Amino acid sequence: MLIVNSPVVETIQVHENIFIQKIHSPEIARTVKPGQFLNIRVSENYFPLLRRPFSICDVEDENIFIMLNVTGEGTKIIVHKHPGEMLDILGPLGNGFNLQGDYKNAIIVAGGLGSAPFPFVTKKLRNDKNIFSFVGGRTKNDVITYGLDNVLTSTDDGALGFNGTVIQLLENNIYKFDSTTSKVFGCGPTPMLRALKEICIKYKLDCEVSTESAMACGFGICQGCPIESTAQKDKYLLICKDGPVFNVKDVVL
Ligand SMILES: Cc1cc2nc3c(=O)[nH]c(=O)nc-3n(C[C@H](O)[C@H](O)[C@H](O)COP(=O)(O)OP(=O)(O)OC[C@H]3O[C@@H](n4cnc5c(N)ncnc54)[C@H](O)[C@@H]3O)c2cc1C
Ligand code: FES
């Protein structure tokens, strides 16, 4: 884990309210794995006080990329950083997706901003696996397909792609995948991950998900990001340190 000061290279808008920020950070680019995250200091003042966590979205040479959904003061400040302005970044944090293994099909399932870690996952898997991406949102503006391959989309209101949830879309296509040769990677809101877990258990598919919670420290000190473990009742893991990626069998969603 490093603390680095890294300059913003550029920030481009790729979707309604979604921006990709390129940051020159050779130290982090060298070591970060798909599924890990960064905790970024927002301001040199006391407000906003806490760092804000962001998934690593992609890596290219000495540059790292984050996907920003501008929801509040912190993301607003970061997205408005000009080229050359510095970001104080803590990372890489957490574990990442386990992309190793002799499965043939990588099934990516993303809901809303849950697409953020998958451009980097896609880049790492593209040459070795068949990738199938299922990307959903409540409506058209929530469906983010940036950096993804072989995409099927869904919206809850039917404005784009399949009319229904991304999990229903996945189940409609599940006959295409043999459980012994496929692995699922998911990220999105907790109810979506819960439904994904059910489907994966039903069809005996190995599945890892990237989870989320409010965070403060980002590395296991403040105990502010618990998630219940399935191993033992009332045993909790920490999303920032033990996750954010878990096998669905290991956590209560
Ligand atoms: C491991 C991890 C990875 C993340 N990756 C990304 C990413 O790649 N891109 C991105 O844009 N955001 C990501 N987030 C969420 C991001 O950290 C929050 O959106 C951000 O902290 C909001 O800061 P803010 O000051 O702009 O908004 P705030 O003023 O802090 O909050 C604005 C609104 O967003 C809600 N919010 C804040 N944090 C979260 C959260 N963790 N989950 C859901 N809602 C939240 C608040 O409840 C509030 O309604 C991630 C969070 C975690 C824990
Ligand atoms: S954010 Fe502090 S322990 Fe997880």
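Residues numbered from 1 in each chain as written. Chains lettered and ligands numbered in written order. Predicted model: local features only at pLDDT ≥ 70, side-chain atom pairs only at ≥ 80, totals over all residues.

Draft legend 1. How the structure looks around the overall build of the protein chain. When you go through the protein chain residue by residue, the secondary structure sums to 6 helices and 16 strands. Expected size for 253 residues packed as a compact globule is a radius of gyration near 18 Å; at 18 Å, the protein chain falls within 12% of this value. Taken along the three principal axes of its C-alpha coordinates, the protein chain extends 50 × 40 × 35 Å. A burial count over the protein chain gives 45% of its 253 residues as buried. For the protein chain, the proportion of contacts with a sequence separation of at least 24, taken over those separated by at least 6, is 61%. (Helix = DSSP H or I, 4+ residues; strand = E, 2+ residues; numbered from the N terminus. Rg over C-alpha atoms; globule rule 2.2 N^0.38 Å. Buried ≥ 20, exposed ≤ 12 C-beta atoms within 10 Å, placed from the backbone. Contact = placed C-beta atoms within 7 Å.)

Draft legend 2. Summary view of the pairing of strand 9 (residues 130-137). Of all 8 residues in strand 9, 6 are buried, a share of seventy percent or more. Across 7 bridges, strand 8 (residues 105-111) lies against strand 9 in parallel orientation. The residue of strand 9 that forms the bridge with Ala110 is Val135. Bridge analysis of strand 9 against strand 10 (residues 151-155) gives 5 bridges, and the strand direction is parallel. Pairing of Gly136 across the sheet is with Ser154, part of strand 10. (Pairing = 2+ DSSP bridges.)

Draft legend 3. Examining the site of ligand 1 more closely. Every one of the 22 residues lining ligand 1 counts as a neighbour, but Arg52, Gly72, Gly74, Thr75 and Ala116 are closest to it. Breaking the shell around ligand 1 down by element, the ones donating at least two residues are strand 4 (52-55), strand 6 (63-69) and helix 2 (73-79). For the shell around ligand 1, the residue count by class is 12 nonpolar, 7 polar and 3 charged. (Near = placed C-beta within 6 Å. Nonpolar A, V, L, I, M, F, W, Y, C, P; charged D, E, K, R; others polar.)

Draft legend 4. Focus on helix 4 (residues 166-173). Among all positions in helix 4, only Val166, Ile167, Leu169 and Leu170 are buried. Viewed end-on, helix 4 has its buried residues packed into an arc of 155°, placing them on one side of the element. Tucked inside the fold, the buried residues of helix 4 contact strand 8, strand 9, strand 10, strand 11 (162-163) and helix 5 (190-202). (Arc of directions from axis to C-beta.)

Draft legend 5. The arrangement of the domain arrangement of the protein chain in detail. When its domains are assigned, the protein chain resolves into domain 1 (2-93) and domain 2 (105-210). Relative placement of domain 1 and domain 2: their C-alpha centres are 25 Å apart. With 14 residues of domain 1 at the interface, the matching set in domain 2 holds 13 residues. At the level of secondary structure, the elements contributing two or more residues to the side of domain 1 that touches domain 2 comprise strand 1 (2-15), strand 2 (18-24), strand 5 (58-60) and strand 6. Its residues assigned to classes, the side of domain 1 that touches domain 2 comprises 8 nonpolar, 4 polar and 2 charged. (Domains from an automatic or database assignment.)

Draft legend 6. Seen up close, the sheet that holds strand 10. Ordered by their spatial adjacency, 7 strands build an open sheet running 11-10-9-8-12-13-16, and the pairing between neighbours is mixed. A single partner strand is all that each edge strand has here, and the edge strands are strand 11 and strand 16 (245-247). Two elements, strand 10 and strand 11, share 2 bridges in a ladder whose sense is parallel. Each bridged residue has a counterpart across the sheet, and for Thr155 the counterpart in strand 11 is Asn163. Strand contacts of helix 3 (residues 118-125): strand 8, strand 9 and strand 12 (182-187), with the helix running at about 170° to strand 8, the strand carrying the most contacts. Docked against the sheet, helix 5 engages strand 8, strand 12 and strand 13 (206-210), running at close to 170° with respect to strand 13. (Axes fitted to C-alpha atoms, helices over the stretch in contact; angles between N-to-C directions.)

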